[in-house]
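In case you want the letters, here they are:
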Amino acid sequence: MENVNWDQLFYYEDLVAYAKYLACHYSDLVQYESIGRSWDNRDIFLLKVGKGRDNVIVTGGVHGRESVNPMVLLCMAEYYCEEFRPCLDLVSVYVVPVLNPDGYAIAIQGFDSIKCEKNRRMCELKHIPYYLWKYNGRAVDINRNFPCVSWKKKDVNDVAGSEPETIALMELFQNVSSIGYIDYHSRGKQIYYHRKSMSEDYNRDQFGYACLLNAMTDYELVPPKREIEENDSGGNTVHYYSEQFCLPAITIETVDELACFPLSPHYQRETYEEIKLTPFVFCKDR
Ligand SMILES: [Zn+2]
């Protein structure tokens, strides 16, 4: 992480290059893998970090404009290899730093980064400035695309699980036997943990993890009644994971609530310090 210049945000290509550097430099501990391709043919990549049997899955960059977390997650991977080696005998962290690479590219570089003309036009028709872009490369919100209890149809063509980014993560969940999942978003310095669709016992465990995460990060817990806002169409990553596997799944919102988009690069270092240990919250031998 000392190699990283925190005074800038990074292009998608920089993230790929850094992930490949980590896989090369720590080849005994880190593997780079593709888990899918976006509509615009960008690699949705995974870094598997560690050799342990307890697998934790973490994702960032589900929303394009949330540009701080992807590089922070890569730097966390590097930190574990440098400082956490014994722990990586017990735990493996499956890091998908940028689940929605097309959305990330749009938010950093603009709509010209979408090569497919039809999809680019679909995006432009939303009339949203590129640096506020949350969606994928054909204007679908990935965090409203997961087939779970809260998912609602938003228009006639809307189908849950329709997007390559959604499918890539669903397959990863299916293929890796994991003990928990964290999805990092921005903004708010908050922790979402409550699941209306799940049992009281499940929610009691979730609350326990949320309290541990609060102690690690100082981020506040979102009250259960605000888990899904009214009028929200649902279909989130964490809800899907909770319902499919009945294992802990938490959304962590980094960065000040009042931060403006495009997010200032200076949030990277402070976010890194705040969240770097959070993936280990599910481990028994913390
Ligand atoms: Zn988000």
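Structure: see above.
What you are looking at is a predicted structure, and each value in this text was computed from that prediction instead of being measured.

Chemist: Summarise the overall build of the chain; cite the residues concerned and give the values.
Modeler: Within the chain, the secondary structure is distributed over eight helices and eight strands. Whereas a compact globule of 286 residues would reach a radius of gyration of roughly 19 Å, the chain reaches 18 Å, a difference of no more than 12%. Principal axes of the C-alpha set define a box for the chain whose edges measure 50 × 45 × 35 Å. Buried residues in the chain amount to 58% of all 286 residues.

Chemist: Any details on the sheet that holds strand 2 (residues 43-49)? Residues and values, ideally.
Modeler: The strand order across the open sheet formed by eight strands is 1-2-4-3-5-8-6-7, and the pairing between neighbours is mixed. Each of the sheet's edge strands pairs with one partner strand only, and the pair in question is strand 1 (30-37) and strand 7 (220-221). With six bridges connecting them, strand 3 (residues 54-59) and strand 4 (residues 91-96) associate as parallel partners. Paired with V56 across the strands is V93, a residue of strand 4. The strands that helix 2 (residues 69-83) touches are strand 1, strand 2, strand 3, strand 4, strand 5 (178-186) and strand 8 (249-254); relative to strand 2, the one it contacts most, it runs at about 25°.

Chemist: Report on the pattern of salt bridges, specifying residues and quantitative values.
Modeler: In total, this model carries 13 salt bridges according to the counting rule given. The partner of D256 in a salt bridge is K189, with the nearest N and O atoms 3.8 Å apart. Here D256 is found in the loop between strand 8 and helix 8 (267-275), whereas its partner K189 is found in the loop between strand 5 and strand 6 (190-192), with 67 residues between them in sequence. Between K189 and E270 there is a salt bridge whose closest N-O contact spans 2.9 Å. Of the two residues, K189 sits in the loop between strand 5 and strand 6 while E270 sits in helix 8, which places them 81 residues apart along the sequence. On the basis of relative accessible area, E270 is assigned to the partly exposed category, the value being 28%.

Chemist: Got a sec to walk through the coordination of the zinc ion? Specific residues and values, please.
Modeler: Around the zinc ion, the donor atoms from the protein are H63 (ND1), E66 (OE), E66 (OE) and H185 (ND1), and they sit 2.0 to 2.5 Å away. Seen from the zinc ion, its four donor atoms lie at angles of 56 to 142°, and the figure they make is irregular. Sequence spacing of the donor residues for the zinc ion, all on one chain, is H-x2-E-x118-H. By relative accessible area, E66 is classed as buried at 3%.

What counts, and where the lines are drawn
- Residues numbered from 1 in each chain as written.
- Predicted model: local features only at pLDDT ≥ 70, side-chain atom pairs only at ≥ 80, totals over all residues.
- Heavy atoms only, no water.
- Helix = DSSP H or I, 4+ residues; strand = E, 2+ residues; numbered from the N terminus.
- Rg over C-alpha atoms; globule rule 2.2 N^0.38 Å.
- Buried < 20%, exposed > 50% of the residue type's maximum accessible area, 1.4 Å probe, protein only.
- Pairing = 2+ DSSP bridges.
- Contact = heavy atoms within 4.5 Å.
- Axes fitted to C-alpha atoms, helices over the stretch in contact; angles between N-to-C directions.
- Salt bridge = Lys/Arg side-chain N within 4 Å of Asp/Glu carboxyl O.
- Donors = N, O, S within 2.8 Å, 3.2 Å for Na, K, Ca; no water.
- Tetrahedral: all angles 85-135°; square planar, octahedral: opposite > 155°, others 65-115°.

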